[in-house]
Amino acid sequence: MPRKMIKPGQVVEPHVKLPDINSHQIIADQDFLALVHSLAGLPLPGYDAAELAEFQQLQKNFATFCDNESYPVATALLDRTPSLIVDETDPRGANKYQPEMLALAQKYREAGFTGITGAKEYGGSGLPKALLGGISGPGFNTFPAQYLGEIVRQADIHLMEHAVAAASGDKKLMLENILRKIISGEYTAAMILTEPKTGANLGANMECYATLSKDSDNVVIIGEKKYITGLTKPEGTENSIGIIVSASMNEDGEVLVDKNGKTLVTVSLVPLYMLDEKGNTREPLVPNKIVTGKWIDKNTMRAQMLQQHDFTGAEGFVLGEPLKGWNMMFKVMDAARLEIAHQAVSHIYTVWQMASHYTAKRSADTTESISVAARDETELKLNRLRAFTICGASVLMKMGTHLDLVGLKDDEIPKANPPRDSIIKQQAEARDLLTVEAPMVKCYFTNQARKLMIDGVHMLGTDGLIQHQVKELEANLRPTDIYEGPNEMMAKQVVMQQFYPVKDHGAGSIHIESKMDVFVKQTRENLKEWKRLHTGVTTNSMIESVTRALNDLQEATNWIKEQHLERASGDKGRKELAERTILSAGEDYVDLFGSVYMGMEAIRIGRHAEVELYKMYEKFGSQEMKEKPEYKDMQDRLTIAGVGVHHFVGKNRPRVEEMKENYIYAKKTNEMDALILAASKLDYVSEARAAAVTRKTKVVELKR
Ligand SMILES: Cc1cc2nc3c(=O)[nH]c(=O)nc-3n(C[C@H](O)[C@H](O)[C@H](O)COP(=O)(O)OP(=O)(O)OC[C@H]3O[C@@H](n4cnc5c(N)ncnc54)[C@H](O)[C@@H]3O)c2cc1C
């Protein structure tokens, strides 16, 4: 084969250029969305065809906005990191947004995207959470959306909606006004949890306090918070609302704890600039006592701008009930975790687009006998990315329907068709399931996506190593396993809090119950029913694979229950050993749970395709059916389902025997604890605060 010679001085074209993946390709990919919608079995209780149509319109508007408005800005800003300019004239050394960013944010607000999931009565679009992923997930991984991180966050809106529901009288009116302004984009908002010293382990060691007064729900905050997104008032906005989760202190400086010594948490609203009693910003601006540090440089990671703040002396008021802050937080956390899982899925969707485009182009350019795209190993990797995206999006939509069900207000539940009682029952089941589903999807999807991203980027060859666009994609996926609570904490929530001891008063013994049992039981019934219906060879082998994984999950669940019984035995040594054993198995257990979930969705996809193929066979016969356009589509779905089960349920699922031994091989756990401790000690502790916090504690009885 003749070799191409390059003459001296000849300009060599760069290697295959990666496609400019823009939002329109991602969001308006009708095949993808139509497929996911049909697989998720929509419409479901809680919304109707009109809402779906409205959602699709919203989706189109968002895609057009990303293409026409934000994509050009993102491209222009690509080489400037961070997207802020240091303001040398500001005594705090704070930074300002790039002018392009400001103009873009203004357009974003005007287009109404800040309130995508906000209730319609407060000016939002009222988008059901089941469909949220259709916008916020794919939207997030388009580069411009990451610049808009501060104002895109929907979790703040959910929290404010809960706070409005819990309030009454003048306070309710004030909160409604604030909520409207957050939805319209006049106010930005920030959820403020992480602390310099305690990091993710908030509950135990919080050092930021809300000082509660006896006569009113006004609070004064003492303490610092770190890595905060969005407590900032960009030009063009009116104010910024901090929603601070903190420990609680009484007027005598006593830290309030429950009878088990656990921190009692209060959620407070602390504005950047003072508000009047109606929730409007005071004129002229009166700054609250908040000292803001510099923007934290996050290198290539574009998503969200982070800052550290000292709130000592800042004023605000309680949201919801004082001392019962976790109740409110957990309600909004579920939605936030679903959003993060969507981010993971949409990042993999993007890298799949890049990899399939690249390998196809590379194949077209080459003279090799087998093209890159047609190589088995490439095809398998591409199909894994696709299986993760499609089965994953389907799982998340299903979980979204649970969130929507739980969120239905009493007057929204139809009286008949389906009967009210059945919806109320489904609501209770969904509420239970969400307590394990929400941490699972956050942990499982971000863990899997991190691994698949490596495969996706690998397929891009050296372009994958050097292209800025790819680096940003990788970098922006990275924090998903850390923020909204790192994955270890998600696993802990599942394996510790969802298994609870129950005293059997009759016999005086204790047994352990778990919400996972409900999931295992329901899944087993579904699998049995699918097997009974006996659709076809392909899905039957998938059913066998998922049944094996489900048996493992059952075994692991029983084993964790045994460990919890050990914890309840009263012996200090046995308790500690059991606790460490459970925690060491946590992430594997959650991954096993996730793989069963993924497998169930894959079977649903496969079964649907198989049934359609049988119908085509009966109608057209084996030859003619192959000429029908739907034939390839159905074959494709079957492939996705098969690859999904093989990879996520078969090959990649954690094994129970090894899971049980994790702790034995985790002697380094102690070293890790020491590492975390050492790192936290590096942070400086303000002497003033140390003096203010006397660390006296007062036990408070909470009415349940
Ligand atoms: C882009 C971005 C935006 C953010 N926005 C916000 C925001 O708006 N508001 C806000 O409050 N925070 C925000 N954060 C902070 C984020 O929530 C925290 O970084 C996160 O909770 C982890 O805390 P940390 O960084 O202090 O890590 P650490 O808690 O110090 O954790 C270090 C490591 O130890 C592990 N670890 C910690 N505790 C345990 C445990 N008990 N068991 C096992 N392993 C453990 C962690 O998984 C991690 O791997 C943001 C972070 C990022 C990256």
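Residues numbered from 1 in each chain as written. Predicted model: local features only at pLDDT ≥ 70, side-chain atom pairs only at ≥ 80, totals over all residues. Heavy atoms only, no water.

**Concerning the overall build of the chain**
- A count of helices and strands for the chain gives 23 helices and 15 strands.
- In the chain, which comprises 704 residues, the share counted as buried stands at 53%.
- The long-range share in the chain, meaning contacts at least 24 apart out of those at least 6 apart in sequence, stands at 77%.
- Accessible surface, the chain: about 32,600 Å² in total, of which carbon and sulfur atoms supply 54%. (Helix = DSSP H or I, 4+ residues; strand = E, 2+ residues; numbered from the N terminus. Buried < 20%, exposed > 50% of the residue type's maximum accessible area, 1.4 Å probe, protein only. Contact = heavy atoms within 4.5 Å. Areas by Shrake-Rupley, 256 points an atom, 1.4 Å probe, with all protein chains shown as cover.)

**Points about the packing of helix α19 (residues 572–624) against helix α20 (residues 629–651)**
- Their axes nearest at 8 Å, the elements α19 and α20 cross at an angle of 155°. If you check the angle between α19 and α20, you find them roughly antiparallel. Judged by the twist between their axes, the crossing of α19 over α20 is left-handed. Each of Ser595, Met598, Gly599, Ala602, Ile605, Gly606, His608, Ala609, Glu610, Glu612, Leu613 and Met616 in α19 lies in contact with α20, whose residues at this interface are Glu630, Tyr631, Met634, Arg637, Leu638, Ala641, Val645, Phe648 and Val649.
- Per-class residue counts for the contact of α19 with α20 are 13 nonpolar, four polar and four charged. (Axes fitted to C-alpha atoms, helices over the stretch in contact; angles between N-to-C directions. Parallel < 35°, antiparallel > 145°, perpendicular 65-115°, else oblique. Left-handed = near helix turned anticlockwise from the far one by under 90°. Nonpolar A, V, L, I, M, F, W, Y, C, P; charged D, E, K, R; others polar.)

**Quick look at the nonpolar core**
- Ranked by size, the top nonpolar core spans 83 residues in total, and within it Phe388, Phe445, Phe519, Leu553 and Tyr589 carry the most contacts.
- Those residues in contact with Phe519 that lie beyond four places of it in its chain are Leu433, Leu553, Phe593, Val596 and Tyr597.
- Formed by 40 residues, the second largest nonpolar core is a distinct cluster that contains Ala119, Tyr122, Ala189 and Val255. (Core = buried A, V, L, I, M, F, W, Y, C linked by side-chain atoms within 4.5 Å.)

**Topic: the confidence of the model for the chain**
- For the chain, per-residue confidence averages 80 on the pLDDT scale, and 76% of positions sit at 70 or higher.
- Note on residues 10–30: pLDDT is under 50 here. Beyond four places in sequence and across chains, it has 54 contacts.
- In the model, residues 680–692 has pLDDT below 50 throughout and makes 12 contacts with residues more than four positions away in sequence or in other chains. (pLDDT = per-residue confidence, 0-100.)

**As for the packing of aromatic side chains**
- Scanning all chains against the criterion turns up eight aromatic pairs.
- Look at Phe388 and Phe648: their rings are 5.9 Å apart centre to centre, the planes differ by 40°, and that puts the pair in the tilted class. Taken together, the residues Phe388 in helix α12 (residues 376–407) and Phe648 in helix α20 connect sequence positions 260 residues apart.
- Judged by its relative accessible area of 0%, Phe388 is buried.
- Overall, Phe648 belongs to the buried group, its relative accessible area being 1%. (Phe/Tyr/Trp six-rings, centres within 6.5 Å; stacked < 30°, edge-to-face > 60°.)

**Comments concerning the packing of helix α13 (residues 420–458) against helix α16 (residues 487–497)**
- α16 packs onto α13 with a crossing angle of 145° between their chain directions and a minimal axis gap of 9 Å. For the pair α13 and α16, the crossing hand works out as left-handed. Packed against α13, whose contacting residues are Thr435, Val436, Pro439, Met440, Lys442, Cys443, Thr446 and Asn447, the element α16 presents Asn487, Met490, Gln493 and Val494 at the interface.
- Across the contact of α13 with α16, the residue classes break down as six nonpolar, five polar and one charged.

**Let's talk about unusual backbone geometry**
- Omega for the bond connecting Glu283 with Pro284 falls within 30 degrees of zero, at -10°, which places this linkage in the cis form.
- Relative to the helices and strands, Pro284 resides in the loop between β9 (265–271) and β10 (291–296).
- Non-glycine residue Glu484 carries a positive phi angle of around 60°.
- On the secondary structure map, Glu484 appears in the loop between α15 (468–477) and α16.
- Judged by relative accessible area, Glu484 falls into the partly exposed class, the value being 24%.

**Focus on the pattern of salt bridges**
- Following the criterion strictly, the structure yields 26 salt bridges and no others.
- The partner of Glu579 in a salt bridge is Arg567, with the nearest N and O atoms 2.9 Å apart. Taken as a pair, Glu579 in helix α19 and Arg567 in helix α18 (residues 537–567) lie far apart in primary sequence, 12 residues in all.
- For Arg567, a relative accessible area of 24% puts it in the partly exposed group. (Salt bridge = Lys/Arg side-chain N within 4 Å of Asp/Glu carboxyl O.)

**As for helix α4 (residues 99–110)**
- The terminal C-alpha atoms of α4, which comprises 12 residues, lie 17 Å apart, in line with the 16 Å expected from a rise of 1.5 Å per residue.
- Met101, Leu102, Leu104, Ala105, Tyr108 and Arg109 are the residues of α4 that are buried. Seen from one end, α4 has its buried residues packed into an arc of 165°, which puts them on one side. Those residues of α4 that are exposed and aimed more than 90 degrees away from the buried face are Pro99 and Glu110. (Expected span 1.5 Å × (residues − 1). Arc of directions from axis to C-beta.)

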